[in-house]
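One letter stands for each residue in the lines below.
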Amino acid sequence: TPQERETDDEKNWPIATENVLDLRYDSNHRAELLVDQLLFPAQDGQKSNPNVFVVGSTLQRLLKGAEDVGLFKEFQDGTMRGFTYANRESFKDFYGDGEGFLSDAECQYIIKHELDTLRAKNEEHVPGYPKVKLYPGKSVVRRLQSKGVLVQYFPLHNKEDLKRLSFSWYKKIKLSFQPLDDIRHYFGEGLALYFGFLEYFTFALVPMALIGIPYYLFDWEDYDKYVLFAVFNLVWSTVFLEVWKRCSATLAYGWGTLSRKKAFEEPRAGFHGALGFNPITGREEPVYPSSKRQLRIYLVSVPFVLLCLYLSFYVMMVYFDMENWAISIYNENPNFATGILLFVPSIIYAVVIEIMNLLYRYAAEFLTNWENHRLESSFQNHLVLKVLVFNFVNCFASLFYIAFVMQDMVLLRQSLATLLITSQILNQVMEAFLPYWLQRRRNKKVHKRMRRMMGDKELPLLEQVQLETEMNTYLGTFDDYLEQFLLFGYVSLFSCVYPLAAVLVVLNNITEVYSDAFKMCHVFKRPYSEPAANIGVWQLAFETMSIIAVVTNCALIGLSSQVKAYFPESETQMILIVVAIEHVLLAFKFILAFVIPDVPKHIQVKLAKLEFDSLEALKKRVSTHFYVWNKILIYCFAANCLLFFFFFYIILRLFH
């Protein structure tokens, strides 16, 4: 967090503690961060821990860092421009020395950027760790992380800001929009965009829920009257995603991330390889052949994923055997107990699905890390692909089998309802209640330990650091988006046979908002801010699901007895017509995606104006430089002429 110092010497204060690296990577460049060492009191004859540091920065250094990382802030004319320290007073909301101009999340992002870009000057050993070497040009922090020297580093919670955010976010039960700007100021754009998407998805489901309730009530036993609902489902899944792109662009522009240039990606902390030279930066860093990575992917990762898919299909067939067993018992002795037994196989299968998803997630992370991807973005893309393929098959394969092989709409409705409800209950328990209960237990242990260590002393910072060190680390929005992706699949693929699916997802997302907000504020460590202009690869994942939804709903329409009644003699003709309609709807979907701009018109105008102003400023700068150099050349020429005539005159006088 920003801290003010009294003297200039302290403003450039590096780490100077013995056996700790100085925060500089050459004699001309320092991170200029402020570092305090926290000393925990010794307990039971043990030494205190000397390796805990609180890192901060002066306000002036943060403002200069804002220019270094390319932050966009609102200008006086209302446009978003790249911040420059020289023109800081021309930006809106910049008053005095700039106190409050940068949000907490931006300050932490700048400090983390300074730490991540610290590079070793010479090849040397880390003090106190003779087996750990630093190499010229290599990131110090990433090297220390990969070797286990640096255990963890994270931003501390600001108790006052967190209290205000909690009150406006989840402590008041109210029907209103989420405080996305406050979330963005405290946690950053990446997390704010997730909650923006969660809110938008929930509101977008309301029309589906309002139509689904009467549809469900009046057509409960008539399973063939789902054609109109399937058509509405097709249109909704397309419009939903196209409108979200525009909402996302509006949010990102207001936060200054839409037009922000993507920073040069540094190698991941876990990336390893033989030392070589990066052809782009010219720095010495680990190099790993792409051919080896491809061999690992295609010879190990792909077969492993296929094996997991086979196991998923095998578990699905076991589920159907259990389902047949339960149905046979019910047919022999239909009563209340055997009626309840009909739902047991689906509940067990839903629990097994969640367990398999969890185990596969750990395996996918291990495999993707073993593939040794150089960039974090490449690592995330491969991990998302592995997880999405397995989760899609594991969660939806049984529903596809029931719908298109067994063609049993009654069982499809029952299975969909059971899977959806069970997965929602398990997710709430695993994501909110269980972590909160475990965190409370850890907090009590930390409080007791700190009281024994400090006695009657009041050292709130020490206690806060100790408490937050014991908190779980937030691993990003991956699991949150994955959950919404699966819920979107349940709604868009088969909700025409179970219209209450949208209602259940709306209720789930309302509770999800409060549970996710609570766990971000009280269960997890505060994550570092990550600038984001959109939801990234998840946009492509949702669009792929919507395309599959078109095919699925068209196939369900073709299976309905209403449509079959029009083709009593020729089933082939019916199939051809359904396929033709499906192609027309897909074409309509792509045309609609092309016609609806991803960025609203008024934002396009502002972006074009900013680009035009930048080009004009560049031309003016070039022309000014050209004019100055022309004047300099003219003056030099005139001076040379005068000197020539002066010396010529002197020579003539001498000869005369």
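Residues numbered from 1 in each chain as written. Predicted model: local features only at pLDDT ≥ 70, side-chain atom pairs only at ≥ 80, totals over all residues. Heavy atoms only, no water.

- Named according to an unreviewed UniProt entry, the protein is Anoctamin originating from Sinocyclocheilus rhinocerous.
- Database annotation for the protein, UniProt heading Subcellular location (unreviewed entry): "Membrane".
- UniProt, in its Sequence similarities (unreviewed entry) section for the protein, records the words "Belongs to the anoctamin family." (UniProt positions renumbered as here; feature names shortened; annotations may be inferred.)

Here we look at the overall build of the protein
Point 1. The number of helices and strands found in the protein is 20 helices and 10 strands.
Point 2. Looking at the protein as a whole, 44% of its 656 residues qualify as buried.
Point 3. Across the protein, the fraction of contacts at a sequence separation of at least 24, relative to all contacts at a separation of at least 6, is 70%.
Point 4. If you sum the accessible surface of the protein, you get close to 35300 Å²; carbon and sulfur atoms cover 64% of it. (Helix = DSSP H or I, 4+ residues; strand = E, 2+ residues; numbered from the N terminus. Buried < 20%, exposed > 50% of the residue type's maximum accessible area, 1.4 Å probe, protein only. Contact = heavy atoms within 4.5 Å. Areas by Shrake-Rupley, 256 points an atom, 1.4 Å probe, with all protein chains shown as cover.)

Here's the deal with a nonpolar patch on the surface
Point 1. A cluster of nonpolar residues, Leu358, Tyr362, Ile421, Ile425, Val429, Met430, Phe433, Leu434, Trp437 and Leu438, forms a patch on the protein surface that exposes about 960 Å² of accessible area.
Point 2. At the level of elements, helix H11 (344-370) and helix H13 (409-454) are the ones that each hand at least two residues to the nonpolar patch.
Point 3. The element contributing the most residues to the nonpolar patch is H13, with eight residues.
Point 4. Relative to the assigned elements, Leu358 resides in helix H11. (Patch = residues over 30% accessible without salt bridge, like charges linked within 9 Å, V, L, I, M, F, W, Y side chains within 5 Å. Salt bridge = Lys/Arg side-chain N within 4 Å of Asp/Glu carboxyl O.)

So, the pattern of salt bridges
Point 1. Inspection of every chain in the model, using the stated rule, returns 17 salt bridges.
Point 2. The closest approach of N and O atoms between Asp161 and Arg164, which form a salt bridge, is 2.2 Å. Placement of both Asp161 and Arg164 in helix H5 (residues 159-171) is noted, with a separation of three residues, approximately one turn of the helix.
Point 3. Take Arg164: its relative accessible area is 52%, and that puts it in the exposed class.
Point 4. Of the charged contacts, one joins Lys245 and Glu543 as a salt bridge, the two residues approaching to 2.9 Å between their closest N and O atoms. Linking Lys245 in helix H8 (residues 227-254) with Glu543 in helix H17 (residues 537-559), this pair joins segments that are 298 residues apart in sequence.
Point 5. Linked by salt bridges that have partners in common, Lys73, Glu106, Arg184 and Glu189 make up one network.

Regarding helix H3 (residues 104-116)
Point 1. Counted at 1.5 Å a residue, the expected span for H3 with its 13 residues is 18 Å, and the 18 Å between its end C-alpha atoms agrees.
Point 2. Judged by how many residues are buried, H3 sits mostly within the fold: 12 of 13 residues are covered.
Point 3. Of all the positions in H3, only Asp104, Ala105, Glu106, Cys107, Gln108, Tyr109, Ile110, Ile111, Lys112, Glu114, Leu115 and Asp116 are classed as buried. (Expected span 1.5 Å × (residues − 1).)

Re the packing of helix H9 (residues 290-332) against H11
Point 1. Between H9 and H11, the shortest axis-to-axis distance is 11 Å and the interhelical angle comes to 175°. It follows that H9 is roughly antiparallel to H11 by the angle criterion.
Point 2. Of the residues that constitute the contact of H9 with H11, the class distribution is 19 nonpolar, three polar and two charged. (Axes fitted to C-alpha atoms, helices over the stretch in contact; angles between N-to-C directions. Parallel < 35°, antiparallel > 145°, perpendicular 65-115°, else oblique. Nonpolar A, V, L, I, M, F, W, Y, C, P; charged D, E, K, R; others polar.)

Concerning the environment of Phe392
Point 1. Among the secondary structure elements, Phe392 is positioned in helix H12 (residues 376-406).
Point 2. Placed 94 residues apart in sequence, Phe392 and Leu486 show a C-alpha to C-alpha distance of 7.5 Å.

Description of the packing of aromatic side chains
By convention here, two paired aromatic rings are described through the distance between centres and the angle between planes.
Point 1. The tally for this structure, following the rule as stated, stands at 40 aromatic pairs.
Point 2. Their ring planes at 70° and their centres at 5.2 Å tell us that Phe94 and Phe101 sit as a pair that is edge-to-face.
Point 3. Residue class for Phe101 comes out buried when judged on its relative accessible area of 6%.
Point 4. Ring centres of Phe197 and Tyr481 lie 6.0 Å apart, and the angle between their planes is 55°; this geometry places the pair in the tilted category. Linking Phe197 in helix H7 (residues 189-218) with Tyr481 in helix H15 (residues 478-494), this pair joins segments that are 284 residues apart in sequence. Across the pair, Tyr481 and Phe197 agree in class, each one buried.
Point 5. The ring of Phe101 has Lys73 lying over it, and the distance from NZ or CZ to the ring centre is 5.0 Å. (Phe/Tyr/Trp six-rings, centres within 6.5 Å; stacked < 30°, edge-to-face > 60°. Lys NZ or Arg CZ within 6 Å of the ring centre and 35° of its normal.)

Concerning unusual backbone geometry
Point 1. Within the chain, Asp93 stands out as a residue other than glycine whose phi angle is a positive 70°.
Point 2. Structurally, the position occupied by Asp93 is in the loop between strand E6 (80-82) and H3.
Point 3. The exposure class of Asp93 is partly exposed, given its relative accessible area of 44%.
Point 4. A positive phi angle, near 50°, is found at Gln407, a position not held by glycine.
Point 5. Position of Gln407 among the secondary structure elements: in the loop between H12 and H13.

Digging into helix H16 (residues 501-522)
Because the α-helix completes a turn every 3.6 residues, residues three or four places apart line up on one side.
Point 1. The terminal C-alpha atoms of H16 lie 31 Å apart, and with 22 residues this matches the ideal 32 Å at 1.5 Å per residue to within 8%.
Point 2. Where burial is concerned, most of H16 is hidden: 16 out of the 22 residues are buried.

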